[in-house]
There are 2 protein chains.
Amino acid sequence: MVSKVNEYENGLHHFENACRQNGLSITPQRIAIFKELASSSEHPSAAVIFRKIREYYDNISLDTVNRTLLTFHEIGLAKVVESSGDPKRFDPNLALHHHFRCVKCGKIVDFENAAYDALEIPRAIQKKFVIREKRVHLEGFCDTCRSPDG
Amino acid sequence: MVSKVNEYENGLHHFENACRQNGLSITPQRIAIFKELASSSEHPSAAVIFRKIREYYDNISLDTVNRTLLTFHEIGLAKVVESSGDPKRFDPNLALHHHFRCVKCGKIVDFENAAYDALEIPRAIQKKFVIREKRVHLEGFCDTCRSPDG
DNA sequence: AATTATATTGGACTAAATCCTATGTGTCAA
DNA sequence: TTGACACATAGGATTTAGTCCAATATAATT
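Residues numbered from 1 in each chain as written. Chains lettered and ligands numbered in written order. Predicted model: local features only at pLDDT ≥ 70, side-chain atom pairs only at ≥ 80, totals over all residues. Heavy atoms only, no water.

On to the interface of chain B and chain A, then. Reports often express the size of an interface as the amount of accessible area lost when the parts come together. Taken together, the contact pairs 39 residues of chain B with 39 residues of chain A. Ranking the residues of chain B by area buried against chain A places Phe129, Val130 and Glu139 of chain B at the top, with a combined share of 16%. On the surface where chain B and chain A come into contact, there are two salt bridges. Asp86 of chain B serves as the salt-bridge partner of Lys88 of chain A, at 3.9 Å between the closest nitrogen and oxygen. On inspection of chain B and its partner chain A, the count reaches 14 residue pairs in polar contact (both at pLDDT 80 or more). (Contact = heavy atoms within 4.5 Å. Buried area = accessible area lost by both parts, 1.4 Å probe. Salt bridge = Lys/Arg side-chain N within 4 Å of Asp/Glu carboxyl O. Polar contact = N/O pair within 3.5 Å; in protein donor to acceptor, adjacent residues only side chain to side chain.)

What follows is the structure, encoded as structure tokens:
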């Protein structure tokens with residue numbers, strides 16, 4: 001088992017490599033944004049990350065946070081979570097996994113499932129499209145919002 | 001096999017019943033919005049539907065289109081499609097089906113698949129949450145946008 | 001046809017996201 | 001270590017989605 005510290009340093013290492021390989025400079029802003037995203041588990045929006053970083057980094061701009069998160073997505077450091085119409089939300093978890101989303105409070109919960117992972121892409125789809133992501137998406141009410149009208 | 005006309009009239013019938021059962025009056029606006037949505041297959045946003053209806057209904061308001069589409073969702077006449085951060089998009093197809101979404105042009109394609117339909121909800125999830133929707137979500141490049149940089 | 005509760009309009013407002021340009025700063029090479 | 005340059009950021013302006021509100025209009029019911 002790997003210690004938290006090492007996981008964290010591996011993460012930063014990965015981040016720096018990805019930047020270098022894509023010709024992006026390693027700026028304090030990008031580091032802060034990466035750290036914030038990597039340590040989050042609630043699939044934060046750009047605004048949420050922006051507000052957190054602002055607590056200690058007093059003049060980072062929202063535009064930078066937005067732009068950087070999209071860049072992270074492009075170079076494979078983050079995923080954009082499906083979230084029908086609300087602000088974009090980002091996911092540092094690059095491993096194959098699945099989502100439950102509460103239609104009431106918007107919470108998104110990751111879960112793993114071997115059967116879901118094993119799903120094959122239908123022939124017809126595979127022939128026509130290039131598939132980059134495969135995910136089962138469940139929707140409903142979370143434990144807190146359980147009752148539809150609660 | 002049912003004729004197009006009958007399918008269509010069944011649709012309208014279903015719409016009117018759903019309204020009545022939910023104490024909603026049947027207004028020309030709602031009829032127009034329902035017809036437009038029901039006859040669409042590209043998972044339109046409120047803005048798209050608004051613009052189409054405007055062609056013949058010159059003073060319907062965008063607010064009404066938005067509000068009505070959300071109402072349709074609430075009373076089970078439409079679904080809101082997962083679409084990571086872009087404007088909400090609506091789906092008249094109430095049957096269990098799955099989605100491919102092009103990350104480049106945003107096109108969303110419905111498809112059917114028996115194996116996907118048959119997926120069971122994991123115990124742990126079922127215990128904790130109330131599941132209302134289950135869908136496989138594929139993402140990548142469509143036939144038109146096939147090449148990642150094209 | 002009158003009544004009433006509900007719906008719509010259009011403009012104002014809020015919030016997300018992007019664009020723009022002047023300024024600032026990593027990076028690389030000497 | 002420094003200097004030069006390409007790249008990145010800040011902050012304000014702009015665009016776009018979406019919602020709110022109050023006045024008006026209208027569908028449903030009697």
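A few words on the domain arrangement of chain A. Residue and element names in this part refer to chain A. In terms of domain boundaries, chain A breaks down into domain 1 (4-90) and domain 2 (95-140). For domain 1 versus domain 2, the distance between C-alpha centres works out to 22 Å. Between domain 1 and domain 2, a total of about 790 Å² is buried, with carbon and sulfur atoms accounting for 40% of that surface. In this structure, the connection of domain 1 to domain 2 is made through three salt bridges. A salt bridge links Asp86 to Arg101; the nearest nitrogen and oxygen atoms lie 3.7 Å apart. Seen at the junction of domain 1 and domain 2, the total is seven residue pairs in polar contact (both at pLDDT 80 or more). At three residues, the largest contribution of residues to the side of domain 1 that touches domain 2 is made by strand S1 (residues 79-81). Class assignment for the residues of the side of domain 1 that touches domain 2 results in two nonpolar, three polar and four charged. (Domains from an automatic or database assignment. Helix = DSSP H or I, 4+ residues; strand = E, 2+ residues; numbered from the N terminus. Nonpolar A, V, L, I, M, F, W, Y, C, P; charged D, E, K, R; others polar.)

It is worth spelling out the nonpolar core at this point. Proteins that are soluble and globular tend to have nonpolar side chains buried together. Counting 24 residues, the largest nonpolar core has Leu138 of chain A together with Leu138 of chain B as its most contacted members. Secondary-structure elements contributing two or more residues to this core are strand S3 (98-102) and strand S5 (130-141) of chain A together with strand S3 (98-102) and strand S5 (130-141) of chain B. (Core = buried A, V, L, I, M, F, W, Y, C linked by side-chain atoms within 4.5 Å. Buried < 20%, exposed > 50% of the residue type's maximum accessible area, 1.4 Å probe, protein only.)

What follows concerns the pattern of salt bridges. Residues and elements named next belong to chain B. Applying the stated criterion across every chain yields a total of 16 salt bridges over all chains. Notably, a salt bridge pairs Arg101 with Glu139, separated by 3.6 Å at the nearest N-O pair. Of this pair, Arg101 sits in strand S3 while Glu139 sits in strand S5, and the two are 38 residues apart along the sequence. The burial state of Arg101 is the same as that of Glu139; both residues are buried. Across the pair Glu133 and Arg135 runs a salt bridge whose closest N-O atoms are separated by 3.0 Å. Of the two residues, Glu133 and Arg135, both sit in the buried class.

In this structure the tally under the stated criterion is 10 aromatic pairs over all chains. For the ring pair Phe111 of chain A and Tyr116 of chain A, a centre distance of 5.9 Å and an interplane angle of 65° mean the geometry is edge-to-face. Given the relative accessible area of 7%, Phe111 of chain A is considered buried. Between the aromatic rings of Phe34 of chain B and Phe72 of chain B, the centroid separation amounts to 6.1 Å while the plane-to-plane angle is 80°, which identifies the pairing as edge-to-face. Separated by 38 residues along the polypeptide, Phe34 of chain B in helix H2 (residues 28-38) and Phe72 of chain B in helix H4 (residues 62-74) bring together distant segments of the chain. Residue Phe72 of chain B is classed as buried on the basis of its relative accessible area of 1%. Pairwise contacts between aromatic rings join Phe15, Phe34 and Phe72 of chain A into one cluster. (Phe/Tyr/Trp six-rings, centres within 6.5 Å; stacked < 30°, edge-to-face > 60°.)

Now for the protein's contact with DNA strand D. With respect to spatial proximity, 20 residues lie near DNA strand D, and among them Gln29, Thr64 and Arg67 of chain A together with Ile26 and Asp63 of chain B are the closest. Taken together, the sugar and phosphate atoms account for 79% of what DNA strand D places within 4 Å of the protein. Gln29 of chain A places a side-chain nitrogen or oxygen 2.7 Å from a sugar or linking oxygen of DNA strand D. Between a base nitrogen of DNA strand D and a side-chain N or O atom of Asp63 of chain B, the distance comes to 2.6 Å. (Near = heavy atom within 4 Å.)

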